[in-house]
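Chain and residue survey
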Amino acid sequence: MANKIVFTFIITLFFWGDTFAQKEKDSLFNVWNNVKLSDSTRFEAISDLIQAHYLLKKTDSALVLGKQMLDLAQNNKNIKFEIEANTLIGAIYFELKDYSTGEKIYNKGLELARATKDSFLYAEKLFDLGYMYSKYEDYTNAFKTLQKSEKLYRELGDPLNEGWSIAHQGFIYRDLGDYKEAEKYHKKHLELSKKHKIKKSISAAYGNLGEIYHKLGDLPRSIEYWKKAIRLSKEINLEQYANVGTGKLVEIYIIEKQLSEATKYLNEYIAVTEKYPVPKYERDYLMKIQLWKCQIDYGFKNYTKALKECEECLKINNVNNWKLEPGLFKSLYEVNKKLNLPAIALDYFEKYQIAIDDEKKNKARTEIQSIVFNNQLVADSIAQAKEKELLNIAYEEGIHKKNREKNLILTIGLLVLLSAIAYFVISRKMAASERKRLNEINNLKNALFTNITHEFRTPLTVIKGMTDTIKSSLKNNQHDDIENSLEIIDRNSDGLMHLINEMLDLAKIESGNMDLNLVQVDIIPFTKYLTQSFHSLAEEKGINFSVRSYVEHLKMDIDANKFTAIITNLLSNAIKFTSENGEVNVHIKKIEVHQTDYIEIKVIDNGLGISKEEQLHIFDKFYQVDNSSSKLQKGTGIGLALVKDFVELMNGSINVDSNLGKSSVFRITIPITNNADLVNDSELVSNSIITKANVTTIVSENNQSINNSDENLPLVLIIEDNKDVAHYIKTCLIANFQILHAPNGAIGIEMALEKIPDIIISDVMMPEKDGYEVCKHLKTDELTDHIPIIMLTAKATFEDRLTGLSHGADAYLTKPFEKKELLTRIEQLILLRKKMLSKFEKTGIDSLLNKNVKNSETKFLEKIIKIIHDNIIQTDFGPLQLAQKSHFSESQLYRKLKATSGKSTAMFIRSIRLQKGKELIQTTDKTISGIAYEVGFNDPSYFSRAFKEEFGLAPSAISK
């Protein structure tokens, strides 16, 4: 409730602030538009209006108003108004980033100020220009201009503004990261302020030095100076400024882990903010308060409270659209980590790293600016020395000619050296300044390498596994399945070779070393031959596949291998992304465009489709369509990029027209030429490079199986879309397990719910539903939440493991894997299950439930026991009735109870009846026969026999 009140207060506060600002703006507009008022009143109003309401928010409107202001000044021939208008318009152009125009117009106002002989006005505008240069990071001009204003204010006997000119020079060095040099200027400011007893400036200098020592890591000294600033600010009734220092002390004491001190100063800070609702110096005070509270409570290990405060801080940032600080992300990461929320913690950790990278980028940029700034100062001093030397040249021409030449050479050498150093450092730092862009590229590369790794690891798993299987078979003189194993190895080797060739082709194209090997061929029968390979694949998926040509024969020049790659890539994609009962059609025709003949080939499907935004990037290298369905279809993002390159290499073009969720049409056009040697069609067909990989990657969704093993063996469900990997896993497990196979995640979930296996082995990257979704679904369903799940994948990073484990995976196995490793993992998980069942047998179900150990399995058993208790008197209440009452099938209930209690459904019901009977014997005076009937036994003698079998004692031997 308190959080809601604070958040409502924040919204109300800023709404009130906006309303007040609007009223002030309307009032200033009315003054400006009221021609009856004096020009000076109107002029002040428009100046305030521009600076307070338009300069930073609506800069284009500010420029229009500024020009109106200048017209008024010029029409009235008021020089001071004209100076103000020119300098303000110059500032507007600076805000628009048109620095040359801004500088030109501002200097016009500056020259007018000089001409008025009003030295104080000129000094003021000079200082403002220096401040503006600094604000827009033109540090060299800022420094030189502030030096001029410092000198002029000193000549005018104005130590207050002389001091501020010095302080702002210190700010330049601070912003450039040269804190030791900044310290010198702020000390100089402090000495000048003390000399003239300007308390406000002394307080400011103390605070600036406190900030510098904080940056230098000298926290005790920083505390000393901030306390001096606070004390003096309070003395001269600048309580709000003092509160800036109080906030700094909170930050420092948190860093120093002096949490009691931090709490003391935080309470003082809050008290001042309550007194002054909108502090002059810190608009983001509400955000800071919540962040500091979070960090302090984290230090005191109040993690739940800290999380609420950090989240409140995040809300305040979102309301105001402020830039989020790394400290907030770091705190959210640390708190969520302590609260055992790994997925959320990981998300904030990644955001923290990106924020840190941005800080590093900014630091690198300021380092570059510092080098340029210092080099410019050196160059200016050299130029001044050179100018001085030229003034004396008439007197020393003969004597110093050689020395001058030497000095000139040294000067040039020094400048060259400085330029070389600057270039070297800047070149190195430019990479850091583009860190954000590189982060995006790295994310793309990571996605690419994840997919390519999967594409490599999957066939390597099969090849290595089947090789071991063949070795084992030869050792045991078993030759039955060797031919099939060799065929699987051959098929997966072809797939690897195809992937490697694609990557090499891309590299060749990028380096300009890809050549065309043109031959002249009848393209119609050749294209039909290429499409024939996909008929069986389409039939296996239940897809209607047709090829239609509007011409019977068409001889033209093509590169046969590249043309083959184009057609096979387009067709394999079309079939891959088209669902069962869909359609894939190929249309071939000859067209004429601008008196040039082309062949046009369209591949049309009614599959997933591609969004308009994605179509802009579909042919980019390594790009993959980012929707949930397509992402689960594995790939590298190479195919379509290669298709585009090959088509363009043959002077053709390719485009796509698609509607998301409806259809896609890929259209290629290649100009018809007849310059190459004519080759025989049969020779071309025999040399074709259609790979097995392109026509065997998609597995039928009906490829479900269970072997006819001993029913007493544990049941393993393999969820794997690659049939060769699934076959290899089966060969590893066939001797010791019953085996089920599901070809995708959706079918895997259905089979798991229906069959209730003893263990599940699931791939991660699969169609329909990926392994994480499978894991999450099964671990949150009471029927399957007990089943151990092994994630089997090529995605082997720490983050991938964390994702899998956060969804409930019990183990993670990386491809390629050893048979022994797989069997060991399975045996360990089954052994854990057996230990738990053994514990049930030793302590008894009732005893375990009474320990208040609340997990998914005990909750399930409690539910089943309650149903049995509710129907315990019914003698005919058996497995069928229990399954109906609990909304499971008999087989589902049997396997679930067997897995969680070690008992069949019938024996579990009997155990609960006997447990209830034992309780009644111990707590009532009822007869044994009466109790037997009461707990659902028809025959008291059978009750006694079963009782002794269950508890080791006859009912009559149980003491009351």
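Here the structure is a predicted model, which means the values were calculated and not measured.

**Some thoughts on the pairing of strand β3 (residues 555-559)**
Among the five residues that make up β3, four are buried, leaving the element largely enclosed by the rest of the structure. As paired elements, strand β1 (residues 518-522) and β3 share five bridges and run antiparallel to each other. The residue bridging L518 from the neighbouring strand is D559, located in β3.

**Notes on the UniProt feature "modified residue: 4-aspartylphosphate" (unreviewed entry) in the protein chain**
Mapped onto the present numbering, the UniProt feature "modified residue: 4-aspartylphosphate" (unreviewed entry) falls on D763. Examined against the element boundaries, D763 turns out to sit in strand β11 (residues 759-763).

**Thoughts on the side chain of S203**
Here S203 is to be found in helix α10 (residues 199-215). Discounting chain neighbours no more than four positions away, the residues touching S203 are A229, L232, S233 and Y241.

**Quick word on the pairing of strand β10 (residues 738-742)**
Burial within β10 is extensive, with five of its five residues counted as buried. One ladder, built from five bridges, connects strand β9 (residues 715-719) with β10; its direction is parallel. When the sheet's bridge partners are listed, I718 is paired in β10 with H741. Handedness of the β9-helix α30 (residues 723-733)-β10 crossover: right-handed.

**So, the packing of helix α36 (residues 856-870) against helix α37 (residues 879-886)**
At a closest axis distance of 10 Å, the pairing of α36 and α37 adopts a crossing angle of 120 degrees. For the element pair α36 / α37, the angle class is oblique. Our pair here, α36 against α37, has a crossing hand that is right-handed. Residues K863, I864, I867 and I868 of α36 form the contact with α37, whose participating residues are L882, K885 and S886.

**Some details on the packing of aromatic side chains**
If you walk through the whole model with that rule in mind, you get 19 aromatic pairs. Aromatic pair Y206 and Y225: ring centres 5.9 Å apart, planes at 55 degrees, arrangement tilted. With a gap of 19 residues between them, Y206 in helix α10 and Y225 in helix α11 (residues 219-235) connect regions that are remote in the sequence. Accessibility assignment for this pair places Y206 and Y225 in one class, buried. A ring pair is formed by F947 and F951, whose centres lie 4.7 Å apart and whose planes are at 55 degrees; its orientation type is tilted. Placement of the pair is F947 and F951 together in helix α41 (residues 940-951), with a separation of four residues, close to one helical turn. Its relative accessible area of 0% is what places F947 among the buried residues. The exposure class assigned to F951 is partly exposed, which follows from its relative accessible area of 23%. Taken together, the ring pairs connect F937, Y942, F943, F947 and F951 into an aromatic cluster.

Conventions we followed
- Throughout this document, residue positions are counted from 1 along each chain, in the order its sequence is written.
- Thresholds applied to this predicted model are a pLDDT of at least 70 for local features of residues and 80 or more for the giving and counting of side-chain atom pairs; totals over whole chains, interfaces and linings are not thresholded and use all residues.
- Think of the side-chain values as coming from all heavy atoms in the structure, minus any hydrogens and water.
- Between buried and exposed lies partly exposed: a residue is buried under 20% and exposed over 50% of the maximum accessible area for its type, with that area taken using a 1.4 Å probe on protein chains only.
- Helix and strand assignments come from DSSP, with helices taken as H or I runs of at least 4 residues and strands as E runs of at least 2, each series counted from the N terminus.
- Any two strands with at least two DSSP-identified bridges between them are counted as paired.
- UniProt positions are given in the numbering used here, feature names are shortened, and annotations may be inferred rather than shown by experiment.
- Throughout, a contact is declared for two residues whenever any of their heavy atoms are within 4.5 Å.
- Note on handedness: a crossover is taken as right-handed if, strands pointing away from the viewer, the path from the first strand over the helix to the second is clockwise.
- Helix axes are fitted to C-alpha atoms over the stretch in contact, other axes to C-alpha atoms as well, and angles between N-to-C directions run from 0 to 180 degrees.
- An angle below 35 degrees is read as roughly parallel, one above 145 as roughly antiparallel, one from 65 to 115 as roughly perpendicular, and any other as oblique.
- Should the near helix be turned anticlockwise from the far one by less than a right angle, the crossing is termed left-handed; should it be turned clockwise, right-handed.
- Stacked, edge-to-face and tilted labels apply to pairs of Phe, Tyr and Trp rings (six-membered ring for Trp) whose centres lie within 6.5 Å, assigned for plane angles under 30 degrees, over 60, and everything in between, in that order.

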